[in-house]
2 protein chains.
Amino acid sequence: MAIIVNKEEKRRNIALSCTELLLDKGYSQLRVSEIAKTAGVGKGTVYDYFKNKEDVVFEIIRNLINEHQEDLKVHFKKNRTCKQKVLHLFDFYLCEHKDYSKHLIVYKEFMSVTLTTPAGDMHAFNHECTNFIRETLVDIIEDGIRSGEIREESLNFVDGIMCAERGFMLKGWTENINCRNEFKQYIDALFALIGNK
Amino acid sequence: MAIIVNKEEKRRNIALSCTELLLDKGYSQLRVSEIAKTAGVGKGTVYDYFKNKEDVVFEIIRNLINEHQEDLKVHFKKNRTCKQKVLHLFDFYLCEHKDYSKHLIVYKEFMSVTLTTPAGDMHAFNHECTNFIRETLVDIIEDGIRSGEIREESLNFVDGIMCAERGFMLKGWTENINCRNEFKQYIDALFALIGNK
DNA sequence: AATGAATGACCGACGGTCGGTCATTTGTTT
DNA sequence: AAACAAATGACCGACCGTCGGTCATTCATT
């Protein structure tokens, strides 16, 4: 035959080599010519592995988010209170064991592109991620109810908590601040109500 | 000595004439050449009144949002329960007296552009809008506490409610659904807790 | 009333940028 | 040397924003 490269792996490598570049420039200022240079390939080669620029960025994001979700699974076995688990689940901001600031920026880029794109792969992936988080949250809450830490009605707040976190994230992006404390205060206030006194 | 037009007014007119176009195409598919054609002016003229494409869209959005906030002020005098007021405050989705679906789409475009733009006028405007809503919400909650409808601690939920709404909005955008009911359920659940039995 | 100078409104051809394509070259296997 | 995968950068066209020039109106002067 001829040279056979591992398409999947090369695709991943090209994408990953541009992670910093994306963080630095942001989607709209990211140039395909720079992607190619950074990955050490020609511009045309980029298009042998990706449909378009958006596809490259999507790949970078998928990798980071999947990595984050694996982390979550691993660190979740540690026993904690229900409230601690909830805080940890959403602790994109500053985790004791890892810095997720990159993920936060990349996720912002992802959201901004997703909002400008008609329903497609990005929307579907976002949905998947949200479902993963939601299912995890439901587990946490159900555990908390079972252990008596929180009350039965707490399940009614699953979607509220999910969306509050999303909202705090959005606020952080638009106001260039870190909403970690605000989110914590919100959770404190909520748990004060749903907790079994 | 020459024709003097009302710059401010013409600027507004050009922008407003393109509202439907923006709703139809979305920011990224909006072409300056089409803006010009729709407004019935030459492309160069657009740039006599606006810094760039983003500026045009910003003007459209400012007008719609200001209009919405005026509406809010007017319709707020009707006496209602605290909970009804809260629902009304966030009822971008489907208001009994007006259809805000356009505003929702336009606000989505606004957010997506804001996320791709470094801090500037758009961020500042967004901040202003949020503050307006927040102050209104604080008034509502304080009224509710005063009237005995809800408990003292309810004030702790101001930011949570704000962000939950933002989050529901974001969810609606990314999943192409209307989150009105979900938001209502969230408010129901919350008021069941913060209400005086 | 007629003239023309001054000025601002208006315009579209053009330059530059950048995403995406494709004809060609390079290198490997058989 | 044939056959084919991989790599590439010159090229294309879409689109943004600029700029030099035109046109319409107003006003000063006659």
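Attention here is on the structure that accompanies the text.

Conventions adopted
Residues numbered from 1 in each chain as written. Chains lettered and ligands numbered in written order. Predicted model: local features only at pLDDT ≥ 70, side-chain atom pairs only at ≥ 80, totals over all residues. Heavy atoms only, no water. Helix = DSSP H or I, 4+ residues; strand = E, 2+ residues; numbered from the N terminus. Contact = heavy atoms within 4.5 Å. Near = heavy atom within 4 Å. Polar contact = N/O pair within 3.5 Å; in protein donor to acceptor, adjacent residues only side chain to side chain. Nonpolar A, V, L, I, M, F, W, Y, C, P; charged D, E, K, R; others polar. Buried area = accessible area lost by both parts, 1.4 Å probe. Salt bridge = Lys/Arg side-chain N within 4 Å of Asp/Glu carboxyl O. Buried < 20%, exposed > 50% of the residue type's maximum accessible area, 1.4 Å probe, protein only. Axes fitted to C-alpha atoms, helices over the stretch in contact; angles between N-to-C directions. Parallel < 35°, antiparallel > 145°, perpendicular 65-115°, else oblique. Left-handed = near helix turned anticlockwise from the far one by under 90°. Least-squares fit on C-alpha atoms with pLDDT ≥ 70 in both. Core = buried A, V, L, I, M, F, W, Y, C linked by side-chain atoms within 4.5 Å. 1 Å grid on protein atoms, 1.4 Å probe; cavity = no way out; pocket = protein on both sides within 12 Å on 5 of 7 lines; lining within 4 Å. Points joined across faces, edges and corners; volume = space filled by probe spheres on them.

Attention now moves to the overall build of chain A. Across its full length, chain A holds 10 helices and 0 strands. Counting from the amino terminus, chain A carries its helices and strands in the arrangement α-α-α-α-α-α-α-α-α-α. Based on the C-alpha atoms only, the size of chain A along its principal axes is roughly 70 × 40 × 30 Å. Residue pairs at least 24 apart in sequence account for 66% of intrachain contacts in chain A once pairs closer than 6 positions are excluded.

Residues in close proximity to DNA strand C total 22 residues, the closest being A:Lys43, B:Lys10, B:Gly42, B:Gly44 and B:Tyr49. Close to the protein, within 4 Å, the atoms of DNA strand C are drawn from sugar and phosphate at a rate of 68%. One of the side-chain N or O atoms of B:Lys10 is found 2.3 Å from a phosphate oxygen in DNA strand C. Secondary-structure elements contributing two or more residues to the surface near DNA strand C are α4 (43–49) of chain A together with α1 (7–17) and α4 (43–49) of chain B. With 4 residues, the single largest contributor to the surface near DNA strand C is α4(B). Here the surface near DNA strand C is built from residues that sort into 12 nonpolar, 4 polar and 6 charged.

It is worth spelling out the interface of chain B and chain A at this point. In this assembly, 34 residues from chain B lie in contact with 34 residues from chain A. Of the roughly 3100 Å² buried where chain B meets chain A, counting both sides, 70% is carbon and sulfur surface. Linking chain B with chain A are 0 salt bridges, by the criterion used here. The tally of links between chain B and chain A comes to 3 residue pairs in polar contact (both at pLDDT 80 or more).

Next up on the list: the pattern of salt bridges. Residues and elements named next belong to chain A. Enumeration according to the criterion identifies 26 salt bridges over all chains in this entry. Residue Arg-11 is joined to Glu-59 by a salt bridge in which the shortest nitrogen-to-oxygen separation is 3.0 Å. Of this pair, Arg-11 sits in helix α1 (residues 7–17) while Glu-59 is found in helix α5 (residues 53–75), placing the two residues 48 residues apart along the sequence. When its relative accessible area of 14% is taken as the criterion, Arg-11 is described as buried. According to the relative accessible area criterion, Glu-59 is buried, its value standing at 6%.

Attention now goes to the packing of helix α7 (residues 101–116) of chain A against helix α9 (residues 158–175) of chain B. In contact at an axis separation of 9 Å, α7(A) and α9(B) are set at 55° when each is read in the N-to-C sense. Classified by the interaxial angle, the pair formed by α7(A) and α9(B) is oblique. The element α7(A) and its partner α9(B) pack so that their crossing is left-handed. Only B:Leu170, B:Trp173 and B:Thr174 of α9(B) make contact with α7(A), whose side of the interface consists of A:Met111, A:Thr114 and A:Leu115. Here the contact of α7(A) with α9(B) is composed, by residue class, of 4 nonpolar, 2 polar and no charged.

Here we come to the relation of the copies chain B and chain A. For the pair of chain copies, the relating transformation is a rotation about an axis with a translation along it. In screw terms, the move from chain B to chain A is a rotation of 180° and a rise of 0.1 Å along the axis, fitting with an RMSD of 0.1 Å. The superposition operator between the copies reduces to a two-fold rotation axis. By residue overlap, the copies meet face to face through one surface: 100% of the interface positions of chain B are interface positions in chain A.

Judged by nonpolar contacts, the single largest core of 70 residues is most densely connected at A:Val46, A:Trp173, B:Val46 and B:Trp173. The residues touching A:Trp173, leaving out its near neighbours within four places in the chain, are A:Leu104, A:Tyr107, A:Lys108, A:Met111, B:Leu115 and B:His123. Grouped together as the second largest cluster of nonpolar side chains are 61 residues, A:Cys163, A:Ala189, B:Cys82 and B:Phe132 included.

It is worth spelling out the layout of surface pockets at this point. Empty space within the largest pocket amounts to approximately 640 Å³. Around the largest pocket, the lining comprises 31 residues; the ones closest to its centre are A:Tyr27, A:Ser28, B:Val113, B:Thr116 and B:Thr117. The greatest single-element share of the lining of the largest pocket, amounting to 6 residues, is contributed by α7(A). Within the lining of the largest pocket, the residues separate by chemical class into 12 nonpolar, 13 polar and 6 charged. Of the pockets and cavities examined, the second largest pocket occupies roughly 460 Å³. Lining of the second largest pocket is provided by 25 residues; of these, B:Ile105, B:Lys108, B:Glu109, B:Trp173 and B:Asn176 occupy positions nearest its centre. Secondary-structure elements contributing two or more residues to the lining of the second largest pocket are α7 of chain A together with α2 (19–25), α7 (101–116) and α9 of chain B. Top element by residues in the lining of the second largest pocket is α7(B). It accounts for 5 residues.

We now examine the protein's contact with DNA strand D. Neighbouring residues of DNA strand D: 22 residues in total, closest A:Lys10, A:Gly42, A:Tyr49, B:Lys43 and B:Tyr47. Within the side chain of A:Tyr49, an N or O atom sits 2.7 Å from a phosphate oxygen of DNA strand D. Breaking the surface near DNA strand D down by element, the ones donating at least two residues are α1 and α4 of chain A together with α4 of chain B. Ranked by residues supplied to the surface near DNA strand D, first place goes to α4(A) with 4 residues. Looking at side-chain class alone, the surface near DNA strand D contains 12 nonpolar, 4 polar and 6 charged residues.

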